[in-house]
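# Notes for the structure review
The chain contents come next:
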Amino acid sequence: MPVGGSSLFSGFRVLGLYSDHVPHALRYHKKHREFYVVTSVGKCFHTFNVNRLGIVAVSNSLSEDISCLAADRMLVFAAAGRMVFAFAKNKEVVMRFHGHQQDVRLLLPLGDQLISADSGGDVIVWDVQSGEIYLRLQFDTATFDLSAMMHPSTYLNKVLLGSSQGALQLWNIKTSKLLYTFPGWSVGVTVLQQSPAVDVVGIGTATGRIIIHNIRLDETLMSFTQDWGPISSLAFRTDGPPIMASGSPQGHIAFWDLERRQLVTQHRNVHSTAIAGATFLHGEPLLVTNGADNAIKVWILDQEGGGARLLRSRQGHSAPPTTIRHHGNDGKNILSAGQDGTLQSFSTVHERFNKNLGHGSVNKKKEKKKKKGVAYEQLRLPPITAFASAAVRQADWDSIVSCHRGRSSASTWSYSRCTMGAYHLQPPGAHRDAVATAVDITSCGNFALIGSSCGRVDVYNLQSGLHRGCYGNDKAHSGVVRGVATDTLNQLTVTTGSDWLLKFWRFKSRKQEEQLKLTAAPACMMLHRDSGMLALALDDFTLLVVDMETRRVVRKFAGHHGSINDMTFSPDGRWLVTVAMDCTIRTWDLPSGSLIDCFLVSMAPVGVSLSPTGDFLATSHVDSVGVYLWTNKSLCGPVGLRPLPTDYQPTNETLPGTAADEPQQEVTSEEADDTYESVEQLGAELVTLSLEPESRWKSLLHIDIIKRRNRPTAPPVAPPTAPFFLPTVPGLTPRFSLPMATEQDAQSKVLSWGSLGQRSEFSSALEAALQTGSFDRPMRLLKDCGPSAVSLEITALSPEGGGASHLLLAFIHMIDSMLASGRDFDLAHAYLALFLKVHLRSLSHDAVAMDTLLRLSERLESRWAELRASFDQSLCLLSYTKSALL
């Protein structure tokens with residue numbers, strides 16, 4: 001197994017993460033003419049376009065959680081711990097700012113500078129281009145604890161700072177001078193926001209008071225009071241109407257009319273947590289809000305009276321999900337039930353296909369009537385503990401059934417309508433104090449089976465919501481029912497409970513057929529309907545696999561060191577993936593009965609689901625609101641899976657989207673040159689072809705025919721060059737004089753034999769290689785020649801062509817070395833064929849050369865025998881694969 005995690009699964013991405021408690025940052029792209037909102041999600045940030053709230057980019061992760069965000073037209077700045085990072089293209093870290101001794105909590109971009117403030121009172125002004133400190137200010141937190149800062153519009157190089165003691169200070173960061181001190185209002189400042197009017201600033205305080213102040217005249221223009229606690233955010237509308245929005249820790253938003261100086265409207269429960277940030281888009285009636293409830297919302301102010309309505313949103317779980325399951329057979333949708341009580345569907349294709357089925361309610365009609373009051377909170381159902389879904393009849397009636405914490409009735413949900421269903425499946429009579437603990441839907445989608453804490457297993461019709469009977473004599477088990485499942489054909493029903501029994505029932509008659517005594521109490525159960533394999537997780541951290549056909553335990557696995565939370569089968573029923581509180585994700589191979597993959601994660605997994613197509617593994621974890629996707633590497637290429645020993649120590653695998661971005665180290669010239677180069681020969685038993693084009697060697701045997709065919713019928717004649725002034729012959733009739741033949745033209749163009757007496761570079765290199773035994777240089781020279789040049793060099797090796805007999809012997813040795821090394825296999829055969837065609841007659845009279853050729857022939861035959869055996873084996877295997885019925 002490779003070092004660093006799993007050999008079977010690889011982290012892909014995380015679903016359902018949109019926002020946390022950090023206020024968002026807004027950017028405008030001039031080229032795209034579009035607004036973008038940047039939100040923090042732990043150690044990285046996401047960028048969404050406001051028009052569609054589609055995710056545009058995901059940044060690289062940092063080593064710590066992001067504490068604040070800011071953005072200008074080019075960069076996004078994020079503070080994590082004591083460091084500030086600058087991101088380009090919404091992804092890559094291009095600059096790191098070191099200098100703070102405490103955690104950074106405020107950021108403010110200002111032109112070519114960046115202002116950061118930490119919890120210790122240090123304020124540093126950075127030069128963004130160089131990363132150097134331009135100015136450092138130190139404040140005493142006992143007298144001026146910095147809590148907010150802003151740049152007043154049109155105030156060049158000026159910054160307004162607010163403190164938790166209530167005082168405000170106006171600084172010039174270029175001259176490092178304190179220009180003015182505002183005494184304040186004896187309450188802590190939480191927010192500073194520039195209004196559309198020059199010199200006018202909105203100030204939010206810790207007591208809920210909003211002050212509109214003119215900083216040029218130091219005069220308070222108006223003030224408002226919010227009854228929901230401290231002001232968490234302020235925003236001014238810039239498209240005309242004088243409207244101001246204020247956020248509160250309770251998740252409410254109030255809209256104020258600055259002309260009438262009164263409250264226009266209020267929207268309660270905009271977010272289930274505090275409003276982290278609220279910003280109006282410049283020149284548009286749109287308000288963007290985000291909160292720690294993992295939601296981004298865009299509101300449009302087009303209602304009568306100045307009210308706002310929700311235009312679009314992206315929302316995940318505000319509390320960690322507990323149960324996840326794939327819905328449908330395409331594997332593109334994941335149903336997730338969270339501790340916040342909501343049921344949501346996340347799409348693995350695109351976020352626009354996400355669905356929020358909402359929060360369950362005791363009575364939907366009463367909830368609609370009381371939604372404007374506080375009492376509607378009491379009508380909400382508690383979180384879902386277990387659910388089952390079937391996509392067969394989801395267009396006809398409710399297709400999801402869920403059990404809730406501490407409730408006896410199960411709720412139905414409609415996936416197609418994205419809402420809670422019409423029925424609460426309540427057990428009859430005296431058993432209404434029991435709690436529903438297990439649920440399953442038949443493969444046909446018509447019936448729901450619900451197990452309860454009193455031992456009952458009831459059957460309900462999903463179309464009508466009516467009770468259709470129960471298993472056993474009033475009770476199926478003497479303890480809590482831990483699992484319920486039905487087979488594909490609705491013939492068998494399997495139940496298990498805390499009484500250590502696994503029971504098999506007839507679905508139609510509801511009569512018990514058989515039971516198995518388990519070795520410990522079961523914690524959960526999972527049935528793979530196609531293969532008929534039933535997996536049980538026991539309280540002693542072991543796993544049992546029962547065959548539904550023989551009704552016997554066929555596999556038993558041990559290895560977990562904590563409670564097994566969930567498990568899932570692969571689509572073919574070959575693998576069983578389990579997750580436990582020991583922070584491990586293990587994959588068991590059922591045919592071999594062994595553990596084939598195991599890796600650790602940083603947070604204990606509580607839910608797992610493998611898609612019906614087998615491409616993605618989804619997991620949910622403790623203290624995380626996201627759903628993490630892992631790709632199945634066995635679908636992308638060969639994966640060597642071997643049984644792992646019982647004492648195998650798993651290594652840690654980083655969760656998708658949480659890998660820290662390591663600082664880039666300076667690469668030296670030695671490291672830059674240390675690049676991997678492929679070896680010339682992979683193995684001694686292999687042959688390697690040259691990279692030369694076929695035109696270089698394929699036509700060598702027919703080079704004489706090609707030359708004869710391409711021979712010109714007449715020698716080329718250069719046209720006579722005409723002089724600038726054409727000479728004429730004297731006489732009455734004007735005639736031009738013919739040019740006289742020069743002495744140079746009369747010379748013969750046939751070269752003398754002496755000019756051919758010098759040997760070529762190839763012949764000299766071949767003669768030198770005969771002494772050293774290394775034929776690399778003459779081989780390189782020959783590879784650089786064209787077909788005609790190769791033919792000329794080989795022809796010139798004979799004594800008749802100006803060579804010598806020892807050069808012929810050297811050429812045979814060069815071909816022998818090429819065949820022995822296995823390199824340039826095609827060139828060796830082409831050169832040898834041309835060599836024998838030209839010089840075989842003269843070589844037949846040389847006994848030494850003939851002995852060398854005989855040894856070369858034996859090497860050729862042995863090499864071809866090895867290649868022929870490999871070719872025959874590959875062709876046989878390919879023919880069997882194409883024709884056999886697999």
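None of these values were measured; they are calculated from a predicted model.

## Thoughts on the sheet that holds strand E47 (residues 533-538)
Within a sheet, neighbouring strands are paired by backbone hydrogen bonds and run either parallel or antiparallel to one another. With antiparallel pairing, four strands are arranged side by side in an open sheet as E46-E47-E48-E49. Strands at the two margins of the open sheet, each flanked by one partner only, are strand E46 (522-528) and strand E49 (552-558). Between one strand axis and the next, the sheet turns through 20 degrees on average, direction left out of account. In the sheet, E47 pairs with strand E48 (residues 542-547) via five bridges, with the strands oriented antiparallel. Across the sheet, residue Met533 finds its bridge partner in E48, namely Asp547.

## Notes on unusual backbone geometry
Phi angles above zero are rare outside glycine, and Leu53 is one such case at about 55 degrees. With respect to the helices and strands, Leu53 occurs in the loop between strand E4 (45-49) and strand E5 (55-58). A relative accessible area of 1% means that Leu53 is categorised as buried. One non-glycine residue, Asp218, adopts positive backbone phi at about 55 degrees. On the secondary structure map, Asp218 appears in the loop between strand E20 (209-214) and strand E21 (219-225).

## Topic: the nonpolar core
Counting residues in hydrophobic clusters, the biggest one holds 36 residues, and the most contacted among them are Phe811, Ile815 and Tyr831. Listing elements by their share of this core, those giving two or more residues are helix H5 (761-772), helix H6 (776-783), helix H7 (787-795), helix H8 (805-821), helix H9 (825-843) and helix H10 (847-883). Setting aside chain neighbours within four positions, we find Tyr831 in contact with Leu700, Met779, Leu782, Lys783, Val790, Ile794, Phe811 and Ile815. If you look at the next biggest cluster of nonpolar residues, it comprises 20 residues, including Trp575, Val577, Leu610 and Leu655.

## Details of H9
With 19 residues, H9 ought to run about 27 Å at 1.5 Å a step, yet its terminal C-alpha atoms sit only 23 Å apart, falling short of that. Considering bend angle alone, the principal kink of H9 is centred on Lys837 and spans about 50 degrees. All buried positions along H9 are accounted for by Phe825, Asp826, Leu827, Ala828, Ala830, Tyr831, Leu832, Leu834, Phe835, His839 and Leu843.

## Concerning the confidence of the model for the protein chain
In the predicted model, the protein chain carries a mean pLDDT of 87, and the fraction of residues at 70 or more is 91%. The model gives residues 369-375 a pLDDT under 50, and that stretch makes three contacts with residues more than four places away or in other chains. In the model, residues 661-675 has pLDDT below 50 throughout and makes 10 contacts with residues more than four positions away in sequence or in other chains.

The rules we used
- Residues numbered from 1 in each chain as written.
- Predicted model: local features only at pLDDT ≥ 70, side-chain atom pairs only at ≥ 80, totals over all residues.
- Heavy atoms only, no water.
- Pairing = 2+ DSSP bridges.
- Helix = DSSP H or I, 4+ residues; strand = E, 2+ residues; numbered from the N terminus.
- Axes fitted to C-alpha atoms, helices over the stretch in contact; angles between N-to-C directions.
- Buried < 20%, exposed > 50% of the residue type's maximum accessible area, 1.4 Å probe, protein only.
- Core = buried A, V, L, I, M, F, W, Y, C linked by side-chain atoms within 4.5 Å.
- Contact = heavy atoms within 4.5 Å.
- Expected span 1.5 Å × (residues − 1).
- Bend = angle between axes of the 7 residues up to and from the residue.
- pLDDT = per-residue confidence, 0-100.

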